[in-house]
Amino acid sequence: MDLPNTADIVIIGGGVMGASAAYHLAKRGAKNVVLLEKEEFFGAGATGRCAGGVRYQFSTEINVKLSLESLPMIERFKDEIGQDVNYRQCGYLLAATNEKDAAAFRRNVELQNRLGVPTQLLSGDEVRARVPRMRFDDALAGTFNQKDGLVDPNSVVMGYVGAAQKMGVKAVGRAGVTGIAVSGGNVKSVETASGSVATRTVLNAAGPWAGIVGGMAGVRIPILPIRRQMFTTTPLPEVAHEDFPFVIDFAQSLYFHREGEGLLIGMSNQNQKPGFDQNVDEDFELASLEAAVERMPLVEKAGRVSHWAGLYEVTPDAHPIFGGTPVGGFSVMAGFSGHGFMHGPVAGKLMAEYILDGAFQTVDVSALDLARFDEGRLIQEYNVV
Ligand SMILES: Cc1cc2nc3c(=O)[nH]c(=O)nc-3n(C[C@H](O)[C@H](O)[C@H](O)COP(=O)(O)OP(=O)(O)OC[C@H]3O[C@@H](n4cnc5c(N)ncnc54)[C@H](O)[C@@H]3O)c2cc1C
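Model, not experiment: these values are computed from the prediction.

## A look at the packing of aromatic side chains
And step 1. Evaluation of the coordinates by the stated rule reveals ten aromatic pairs.
And step 2. With a centroid separation of 5.4 Å and 75° between ring planes, the pair formed by Phe105 and Phe250 is classed as edge-to-face. With Phe105 in helix H5 (residues 99–114) and Phe250 in the loop between strand S14 (246–249) and strand S15 (254–259), the pair connects residues that are 145 residues apart, well separated along the chain. Considered together, Phe105 and Phe250 belong to a single accessibility category, that of buried residues.

Right, dumping it as structure tokens:
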């Protein structure tokens, strides 16, 4: 698709955020919306490399509320958009192996239950009983919510992009934005290698690259790209059943979920330095394999099928940034800090509300503005994996 010369709204970044915003803007009747993606294909950034986990289990009210809106949107996705996204409600089982995490889990379950999420608090014995093939002798407590689960990220992106295009959105791949012209404090145009697009409204949905895109307009956006990686195994019929949950060994940030007939296993490197390298760190993969075998000895007999790395888009308080910037017409929706895929549906809807109505309607996310970092209004999320 050729790049148009002008647009009413330009969205930078064709991951789940940009795709959802494009769809929701068009659904609300916005015209001349252009979605620009630097890669050939949409969803090739963090979204296409993510674990596909969706959960209600968060530690802050705002994140639980985002899930309460977003996950039902994923459940309705096929009816609304016509695309199957393979939502498997296998549940998330979080296991605590120290007192600090166990205490936090108790507070989180109270909060989730108060907001209407039926998460169960489990004893150490109940954790062991739910995953008998795993070695959780040290588990002190756990939490489980059946409606958490897994969804196919590419289907969500392609569903939104396809539906947006049908409503007139111009979605252009290989269209990396290289500059943003600002004049008199307002955005005027975006530049790409194939030309510029004049516009008065730009949405930065560039995920881990959102800080770079912000810098093009002279806006500081505190999002760091942090590499995360995972691998999948050959079949493990002993564990890979329908009812095997998404298991998280919280203290180690080590997780297991069913992937086909085998497992997907990931672990977060707490010493990972920020950077844009998306190659697998083989040494850390070995460390995560060893940790996985400790937790599930069966993994030792499995082979590796695939592995990859991607970038978390981490903010100082592990919450996203929604809304305006000091530059008129330039807004941001990014920084979901490694748990944004699941909030993509509601996030795009919220940014469509912000751009078209000037206010968030579905969930009040006004506290998640960019100014909170300068004004010291941070809200910490505990359940970061
Ligand atoms: C390994 C891993 C596992 C994860 N697991 C989960 C999980 O289980 N559940 C969950 O909810 N979340 C998970 N996440 C987080 C989730 O992937 C992200 O929060 C979410 O995908 C962010 O979406 P996005 O659209 O903001 O970013 P992206 O998907 O990265 O999209 C941004 C897009 O902007 C494009 N872009 C960048 N710069 C420019 C430019 N200058 N011009 C044009 N285009 C540009 C990029 O190419 C990219 O496609 C995981 C992430 C990783 C890396």
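## Comments concerning the site of the ligand
And step 1. The local shell around the ligand holds 39 residues, among which Glu37, Ala46, Thr47, Gly53 and Glu313 are the closest.
And step 2. Between Lys38 and the ligand, the recorded distance is 3.1 Å, taken from a backbone N or O atom to a nitrogen atom.
And step 3. Thr47 places a polar side-chain atom, nitrogen or oxygen, 2.5 Å from an oxygen atom of the ligand.
And step 4. Within the complex, the protein chains bury 98% of what would otherwise be the 1,000 Å² of accessible surface of the ligand.
And step 5. Among the elements of the structure, helix H1 (16–27), helix H2 (46–49), strand S13 (224–233) and strand S17 (304–314) are those that each provide at least two residues to the shell around the ligand.
And step 6. The element contributing the most residues to the shell around the ligand is S17, with four residues.
And step 7. Classifying every residue of the shell around the ligand by side-chain character gives 20 nonpolar, 13 polar and six charged.

## Concerning the packing of helix H3 (residues 61–75) against helix H10 (residues 344–357)
And step 1. The geometry of H3 relative to H10 is characterised by a closest axis approach of 7 Å and an angle of 105° between their N-to-C directions. Considered as vectors, H3 and H10 are oriented roughly perpendicular to each other. Here H3 contributes Leu66, Glu69, Ser70, Met73 and Ile74 to the contact with H10, which in turn contributes Gly344, Pro345, Val346, Lys349 and Leu350.

## With respect to the pairing of strand S16 (residues 262–267)
And step 1. Of all six residues that make up S16, six are buried, and the element is covered over most of its length.
And step 2. Pairing geometry for S13 and S16, over four bridges, is antiparallel. Paired with Thr232 across the strands is Leu264, a residue of S16.
And step 3. Looking at chain direction, S15 and S16 are connected through six bridges and run antiparallel. Bridge pairing in S16 links Phe256 to Ile265.

## Looking at the sheet that holds strand S10 (residues 186–192)
And step 1. Judged by pairing direction, the sheet is antiparallel, and its three strands sit side by side in the order S9-S10-S11 without closing on themselves. If you trace the sheet from one side to the other, it starts and ends with strand S9 (177–183) and strand S11 (195–198), each paired once. In this sheet, adjacent strand axes meet at a mean angle of 25° when their direction is disregarded.
And step 2. Summarising the sheet, S10 and S11 pair through four bridges and their orientation is antiparallel. Within S11, the residue paired with Glu191 across the bridge is Ser196.

Thresholds, definitions, all that
- Residues numbered from 1 in each chain as written.
- Predicted model: local features only at pLDDT ≥ 70, side-chain atom pairs only at ≥ 80, totals over all residues.
- Heavy atoms only, no water.
- Phe/Tyr/Trp six-rings, centres within 6.5 Å; stacked < 30°, edge-to-face > 60°.
- Helix = DSSP H or I, 4+ residues; strand = E, 2+ residues; numbered from the N terminus.
- Buried < 20%, exposed > 50% of the residue type's maximum accessible area, 1.4 Å probe, protein only.
- Near = heavy atom within 4 Å.
- Polar contact = N/O pair within 3.5 Å; in protein donor to acceptor, adjacent residues only side chain to side chain.
- Areas by Shrake-Rupley, 256 points an atom, 1.4 Å probe, with all protein chains shown as cover.
- Nonpolar A, V, L, I, M, F, W, Y, C, P; charged D, E, K, R; others polar.
- Axes fitted to C-alpha atoms, helices over the stretch in contact; angles between N-to-C directions.
- Parallel < 35°, antiparallel > 145°, perpendicular 65-115°, else oblique.
- Contact = heavy atoms within 4.5 Å.
- Pairing = 2+ DSSP bridges.

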